[in-house]
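# Results of the structural survey
These are the residues of each chain, in order.
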Amino acid sequence: QPYTVARQTELLQVKEGDSILEIGTGSGYQSAVLLEIGATVYTIERQNELFKKTRLFLPKIGYRPKKMIFGDGYIGLEEFAPYDGIIVTAGAPFVPNPLLAQLKVGGRLVIPVGKHIQIMTVFTRKSLTEFEKKEYGEFRFVPLLEDKN
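This write-up is about the structure you can find in this document. Note that the structure is a prediction, hence the values are computed from the model and not measured.

### Observations concerning the pairing of strand E2 (residues 40-45)
Across the 6 residues of E2, 5 count as buried, placing the element largely inside the fold. In this sheet, E2 lies alongside strand E1 (residues 19-23) in parallel orientation, the contact comprising 5 bridges. Considered in E2, the bridge of Leu 21 is made with Tyr 42. Read from E1 through helix H2 (residues 29-37) to E2, the crossover connection turns out right-handed. Note on the crossover from E2 through helix H3 (residues 48-60) to strand E3 (residues 67-70): the handedness is right-handed.

Written as structure tokens, this is what we have:
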């Protein structure tokens, strides 16, 4: 949904040059929006068929994420951490600790949390051990799937 992509992007407070990890590449729409803003985008997709399609499609229309990975979004992408922002585009029943751990101090994790209805939640890293949590209303997302196998 375009409104949801816009709202999550707004909550992420992304700036040109920011390093952003996207969990759930999907069609690539959110990646394209982040790339238009000037972010460096790392993106993970767990569904192999969708990953293969989007990996070919995005460059064809001029969008090139720094890294596109077929993998498990619950574990993030430690290799390129820490990130200025992490955006999760599927509903998570809980907040994966590896995602919080991969944020820079000052970085933001935007994640819809809940099983059937999700609450759009933003975690801002205040220090190595401290996070601020804010909630921004109800949304409905497809579930975030664990373990790509």
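### Structural notes on the layout of surface pockets
Here the largest pocket defines a volume of roughly 570 Å³. Along the wall of the largest pocket there are 28 residues; nearest its centre are Gly 24, Gly 26, Thr 89, Ala 90 and Val 142. Those elements that place two or more of their residues in the lining of the largest pocket are helix H1 (2-12), E1, H2 and E2. A total of 3 residues in the lining of the largest pocket trace back to one element, the largest contributor, which is H1. Residue composition of the lining of the largest pocket, by class: 12 nonpolar, 12 polar and 4 charged.

### Here's the deal with the pattern of salt bridges
Throughout the structure, instances matching the rule amount to 7 salt bridges. Between Glu 132 and Lys 134 there is a salt bridge; the shortest N-O distance is 3.9 Å. Overlapping salt bridges, with partners in common, bring together Lys 126, Glu 132 and Lys 134 in one network.

### Focus on the environment of Glu 130
Among the structural elements, Glu 130 can be located in the loop between strand E6 (118-125) and strand E7 (131-139). In the structure, Glu 130 is positioned 88 residues away from Tyr 42 in sequence and 25 Å away in space, judged by C-alpha atoms.

### Thoughts on the packing of aromatic side chains
As enumerated under the stated definition, the model contains 6 aromatic pairs in all. Between Tyr 3 and Phe 139, the aromatic rings sit 6.4 Å apart at their centres with planes inclined by 5°, giving stacked as the arrangement. With Tyr 3 in helix H1 and Phe 139 in strand E7, this pair connects stretches of sequence that are 136 residues apart. A relative accessible area of 56% means that Tyr 3 is categorised as exposed.

So, how was this worked out
Residues numbered from 1 in each chain as written. Predicted model: local features only at pLDDT ≥ 70, side-chain atom pairs only at ≥ 80, totals over all residues. Heavy atoms only, no water. Buried < 20%, exposed > 50% of the residue type's maximum accessible area, 1.4 Å probe, protein only. Helix = DSSP H or I, 4+ residues; strand = E, 2+ residues; numbered from the N terminus. Pairing = 2+ DSSP bridges. Right-handed = clockwise from strand over helix to strand, strands pointing away. 1 Å grid on protein atoms, 1.4 Å probe; cavity = no way out; pocket = protein on both sides within 12 Å on 5 of 7 lines; lining within 4 Å. Points joined across faces, edges and corners; volume = space filled by probe spheres on them. Nonpolar A, V, L, I, M, F, W, Y, C, P; charged D, E, K, R; others polar. Salt bridge = Lys/Arg side-chain N within 4 Å of Asp/Glu carboxyl O. Phe/Tyr/Trp six-rings, centres within 6.5 Å; stacked < 30°, edge-to-face > 60°.

In short, geometric facts, not functional conclusions.
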